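# Close look at the chain arrangement
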Amino acid sequence: MTSPAPSGDASTTVSPGVFATSTVQLAPYRIQWLARLMYGNAFEIVVIAIIIANAAALAILTYDDVAPGVVAVAEVIDRAALIFYTVEVVLRIVSYGTKPWMFFRNPWNVFDLLIVVLIPFLNNGSVIFRLVRLLRILRIFRFLPEARILMLSMIKSVAPLASLGVLIGFLIFIYAMAGVYLFGEASPERWGDIGTAMVTLTVMLTLENFPDSFLGGLAITPWALLYFLSYMFFIVFTVLNILIGIVITAMDQAREEVTADRAAEGLPTATGTIHVPASARDAHAAHGELDALAADLDGVARSGTASADHIRRIREEIDRLKAGSK
């Protein structure tokens, strides 16, 4: 699980756990043996097992007709999981040695700490307490880097999706007004007023009941052909394509952001671990270290696991470090 630290560096390299194939270089200020334990495969398997068992226990507690013995076991598992989470968070903070504040630089660490700290204070609030307990299950995303990227991409999509929602609402309002004028008298159950028409058009965004509305409109006026076809091609299909584009763009941004942040911290990324020694960052590293890093980057480029733009930026940083070390 471990490998010797590079010469001149007091830190140790460890395997970051079950879902990683590369290594992490521990900072010298960390308690090496404890950090190795926290990153170890065995410990992370135990954490994942506790989270899954806790999720199963919470699911059992949602049923009313469960045997009292099963409920008692589920409650014991839930309490034991809370104790385990508390001990785990404390050990992770302690593992940062002389710089415990570095623990709070990782958002997932802060998330774990808040879940553990808030639960005792919310013990009397039944609904809120149960919701906070449910959030503990989300800790499993800490072991799934791709899922973390998806979650970050969802967050990044909120602002553009809100703008898209405003645009869709405005266009639906216009089409709803036109629908009231065209079909309102003949089909009041679908087009009788602006509210009813907007509901009809909102449902039609999914193309649900589109043929019925389309054929019904044609029976009222031939202008329905232009109305419904323009709505389908310019609103439904355009909105779908824009939505897909927003999600893909957000995923690319999230992946690059996570990769850059984890590479800067010497953590495993989709392109492997890229760790620039502190001496290199201080412009005192030998060119040999940077050349080795460039060689590793060539392998990443050949494997095609990283974007060309990301590789280009790392090469530029290597060139800058070389120039600064002269």
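Residues numbered from 1 in each chain as written. Predicted model: local features only at pLDDT ≥ 70, side-chain atom pairs only at ≥ 80, totals over all residues. Heavy atoms only, no water.

### Here's the deal with the pattern of salt bridges
This is how it is decided: For this analysis, a salt bridge means a side-chain nitrogen from Lys or Arg found within 4 Å of a carboxyl oxygen belonging to Asp or Glu. Only DSSP runs of H or I with at least four residues qualify as helices, and only runs of E with at least two residues qualify as strands; both kinds are numbered from the N terminus onward. Think of it in three bands: with a 1.4 Å probe and only protein chains considered, a residue is buried below 20% of the maximum accessible area for its type, exposed above 50%, and partly exposed in between.
Here the structure, examined in full by the defined rule, presents one salt bridge. One salt bridge connects Glu88 with Arg92, and the closest N-O pair in it is separated by 3.2 Å. Here the residue Glu88 and the residue Arg92 both occupy positions in helix α3 (residues 68-94), the gap between them amounting to four residues, near one helical turn. Judged by relative accessible area, which is 2%, Glu88 ranks as buried. The class of Arg92 is buried, set by a relative accessible area of 7%.

### Some points on the confidence of the model for the protein chain
Stated formally: pLDDT gives the predictor's per-residue confidence on a scale running from 0 to 100. Two residues qualify as a contact provided that any one of their heavy atoms is within 4.5 Å of a heavy atom in the partner residue.
Mean pLDDT over the protein chain works out to 74, with 67% of the residues at or above the 70 mark. Counting interchain partners and residues more than four positions distant, the pLDDT-below-50 stretch residues 1-11 has 23 contacts. pLDDT under 50 marks residues 266-286. Its contacts with residues more than four places away, or in other chains, come to 48 contacts.

### Focus: the environment of Thr206
What counts, and what does not: A 3.5 Å cut-off defines polar contacts: any pair of N or O atoms within that distance qualifies, except that in protein one atom must be a possible hydrogen donor and the other a possible acceptor, and neighbouring residues in sequence count only when both atoms are side-chain atoms.
Among the secondary structure elements, Thr206 is positioned in the loop between α8 (194-204) and α9 (210-220). When its relative accessible area of 59% is taken as the criterion, Thr206 is described as exposed. In this structure, the C-alpha to C-alpha distance between Thr206 and Leu240, residues 34 residues apart in sequence, is 9.6 Å. A distance of 2.7 Å separates a polar atom in the side chain of Thr206 from the backbone oxygen of Val203.

### Overview of the nonpolar core
We count it as follows: Nonpolar cores are built from buried Ala, Val, Leu, Ile, Met, Phe, Trp, Tyr and Cys residues. Side-chain atoms within 4.5 Å join them into one set.
Counting 21 residues, the largest nonpolar core has Trp191, Leu201, Met204, Tyr227, Phe228 and Tyr231 as its most contacted members. Going through the elements one at a time, α6 (145-183), α8, α9 and α10 (223-264) are the ones with two or more residues in this core. In terms of residues, this core owes the most to one element, α10, which gives nine residues. Once residues lying within four places of it in the same chain are set aside, the contact partners of Tyr231 are Ile172, Tyr175, Leu201, Thr202, Met204, Leu205 and Val236. Ranked by size, the runner-up nonpolar core spans 12 residues in total, among them Leu34, Ala81, Val89 and Val116.

### Comments concerning the environment of Ile220
Relative to the helices and strands, Ile220 is located in helix α9. The exposure class of Ile220 is partly exposed, given its relative accessible area of 33%. Separated by 33 residues in sequence, Ile220 and Ser187 place their C-alpha atoms 8.6 Å apart. Not counting residues within four places of it along the chain, the set of residues in contact with Ile220 comprises Leu182, Phe183, Ala186 and Ser187.

### Re the packing of helix α2 (residues 41-60) against α3
Threshold: The axes used here are C-alpha line fits, helices contributing only the stretch in contact, and every angle between their N-to-C directions lies in the interval 0 to 180 degrees. Helix crossings are classified by the rotation of the near helix relative to the far one: an anticlockwise turn of less than a right angle makes the crossing left-handed, while a clockwise turn makes it right-handed. Ten residues, namely Ala, Val, Leu, Ile, Met, Phe, Trp, Tyr, Cys and Pro, are considered nonpolar, four, namely Asp, Glu, Lys and Arg, are considered charged, and the remaining ones, Gly among them, are considered polar.
Their axes nearest at 9 Å, the elements α2 and α3 cross at an angle of 145 degrees. For the pair α2 and α3, the crossing hand works out as left-handed. Counted together, Phe43, Val46, Val47, Ile50, Ile51, Ala53, Asn54, Ala57, Leu58 and Ile60 of α2 and Val70, Ala74, Ile77, Asp78, Ala81, Phe84, Tyr85 and Glu88 of α3 form the full contact between these two elements. Split into classes, the residues belonging to the contact of α2 with α3 amount to 15 nonpolar, one polar and two charged.

### Some thoughts on the side chain of Arg30
Positionally, Arg30 belongs in the loop between β3 (24-25) and α1 (32-39). Residues contacting Arg30, with those up to four places away along its chain left out, are Ala35, Tyr39, Ser95, Tyr96 and Gly97.

### Brief notes about a nonpolar patch on the surface
Which entries qualify depends on this criterion: Two joining distances apply to patches: 9 Å for like charges and 5 Å for nonpolar side chains (Val, Leu, Ile, Met, Phe, Trp, Tyr), and every residue must have over 30% relative accessible area and no salt bridge. The Shrake-Rupley method, run with a 1.4 Å probe sphere, supplies the accessible areas, and residue values consider only the shown protein chains as cover.
Together, Leu207, Leu215, Leu218, Leu225, Leu229, Phe233, Phe234 and Phe237 make up a nonpolar patch on the protein surface, roughly 730 Å² of accessible area in all. Breaking the nonpolar patch down by element, the ones donating at least two residues are α9 and α10. For the nonpolar patch, the leading source of residues is α10, giving five residues. Within the fold, Phe233 resides in helix α10.

### Examining α1
Basically, it comes down to this: When we speak of the arc, we mean the arc of directions from the helix axis to the C-beta atoms.
Turning to α1, its buried residues are Gln32, Leu34, Ala35, Met38 and Tyr39. Considered in projection along α1, the buried side chains sweep an arc of 165 degrees and stay on one side of the axis.

### As for α9
Along α9, the positions that sit buried rather than exposed are Phe210, Ser213, Phe214 and Gly217. Projected onto a plane normal to the axis of α9, the buried residues spread over an arc of 100 degrees and lie on a single side. In α9, the exposed positions that point more than 90 degrees away from the buried face belong to Leu215 and Ala219.

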